[in-house]
Amino acid sequence: NEISVIHEDAFKGLKNLDYLGLRYNRLTEIAENIFPNELKIRSFLIDSNYINFLPNEVLKKVSVKDITIDNNPWKCPCLDRVLFWLYTTNGTLRISKSCTGPHVPVCAYPSSYSQTCLEYVDKELTKLYVSSLKSVKPPLDSACARLD
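Here the structure is a predicted model, which is why all the values come from computation and not from measurement.

Q: Whenever I open this one, the overall build of the protein chain confuses me. Can you help?
A: If you tally the helices and strands in the protein chain, you get 3 helices and 6 strands. Going residue by residue from the N terminus, the α and β elements of the protein chain occur as β-β-α-β-β-α-β-β-α. A globule of 148 residues ought to have a C-alpha radius of gyration of about 15 Å, and the protein chain, at 15 Å, matches this closely. By its C-alpha atoms, the protein chain is 45 × 30 × 30 Å across when sized along the principal axes. A buried classification covers 46% of the 148 residues belonging to the protein chain. Here the analysis covers contacts within the protein chain between residues at least 6 apart in sequence; of these, 61% occur between residues at least 24 apart. Carbon and sulfur atoms make up 52% of the accessible area of the protein chain, which totals about 8,200 Å². Side-chain charges of the protein chain comprise 18 positive and 17 negative groups, with the mean position of each set lying 3 Å from the other.

Q: It is not clear to me how helix H2 (residues 76–89) should be interpreted in this structure. Could you clarify?
A: What sets the pattern is the α-helix's 3.6 residues per turn: residues three or four places apart point alike. If you check H2, its first and last C-alpha atoms are 20 Å apart, about what 14 residues at 1.5 Å a residue would give, namely 20 Å. Of the positions making up H2, those classed as buried are Cys76, Pro77, Cys78, Leu79, Val82, Trp85 and Leu86. Each element contacted by the buried residues of H2 is listed here: helix H1 (56–61), strand S3 (62–68), strand S4 (74–75), strand S5 (92–94) and strand S6 (107–108). Positive phi appears at Asn90, one or two residues downstream of H2, with a value of about 60°.

Q: How should I be thinking about a nonpolar patch on the surface in this particular structure?
A: Together, Leu83, Leu93 and Ile95 line one region of the surface with nonpolar side chains, adding up to about 240 Å² of accessible area. The class for Leu93 is partly exposed, based on a relative accessible area of 34%.

Q: What's the story with the packing of aromatic side chains in this structure? I'm lost.
A: For the structure shown, the criterion picks out 4 aromatic pairs. Each ring, one from Phe11 and one from Phe35, has its centre 5.4 Å from the other, and the planes form 15°; the classification is stacked. Of this pair, Phe11 sits in the segment before strand S1 (16–21) while Phe35 is found in the loop between S1 and strand S2 (39–45), placing the two residues 24 residues apart along the sequence. Ring centres of Tyr109 and Tyr113 lie 5.2 Å apart, and the angle between their planes is 45°; this geometry places the pair in the tilted category. Judged by relative accessible area, Tyr109 falls into the partly exposed class, the value being 43%. Overall, the relative accessible area of 55% leaves Tyr113 in the exposed class. Members of the aromatic cluster, each reached through a chain of ring pairs, are Phe11, Phe35 and Phe44. Looking at Lys75, its charged tip hangs above the ring of Tyr120, at a distance of 3.4 Å from the centre.

Criteria and cut-off values
Residues numbered from 1 in each chain as written. Predicted model: local features only at pLDDT ≥ 70, side-chain atom pairs only at ≥ 80, totals over all residues. Heavy atoms only, no water. Helix = DSSP H or I, 4+ residues; strand = E, 2+ residues; numbered from the N terminus. Rg over C-alpha atoms; globule rule 2.2 N^0.38 Å. Buried < 20%, exposed > 50% of the residue type's maximum accessible area, 1.4 Å probe, protein only. Contact = heavy atoms within 4.5 Å. Areas by Shrake-Rupley, 256 points an atom, 1.4 Å probe, with all protein chains shown as cover. Lys, Arg positive; Asp, Glu negative; His and termini not counted. Charge placed at Lys NZ, Arg CZ, Asp CG, Glu CD. Expected span 1.5 Å × (residues − 1). Patch = residues over 30% accessible without salt bridge, like charges linked within 9 Å, V, L, I, M, F, W, Y side chains within 5 Å. Salt bridge = Lys/Arg side-chain N within 4 Å of Asp/Glu carboxyl O. Phe/Tyr/Trp six-rings, centres within 6.5 Å; stacked < 30°, edge-to-face > 60°. Lys NZ or Arg CZ within 6 Å of the ring centre and 35° of its normal.

Here's what the structure looks like:
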């Protein structure tokens, strides 16, 4: 779909979603104002975008049964925070089978190192991540990650 923005209150009034598939888009962030409080999502797919972080406010508002997040240029502390959120809420992390391997990067540290998840879109980190994906041998299928 090439979605790059989800508008404010896009899911206003909803309490439950069975499936929210946002994979293979151009999202750089999931803003906190798109979700209502206490939204329950059974399957949330946000893999293969350009997401560096999920805001702490999103993690407070939303609960998921399972989620796919791989093949995004996560800041490592932000990925750790998402994994801790899943652990504390009994959510399940699903891994995309098409884009796995020992040389596929999972996260990266921004140039200004921090152990804390800094909630801003880091274009340089995203470029570094995409560059790393492009250099994986054997080459990744372009359908599994945003390589353009």
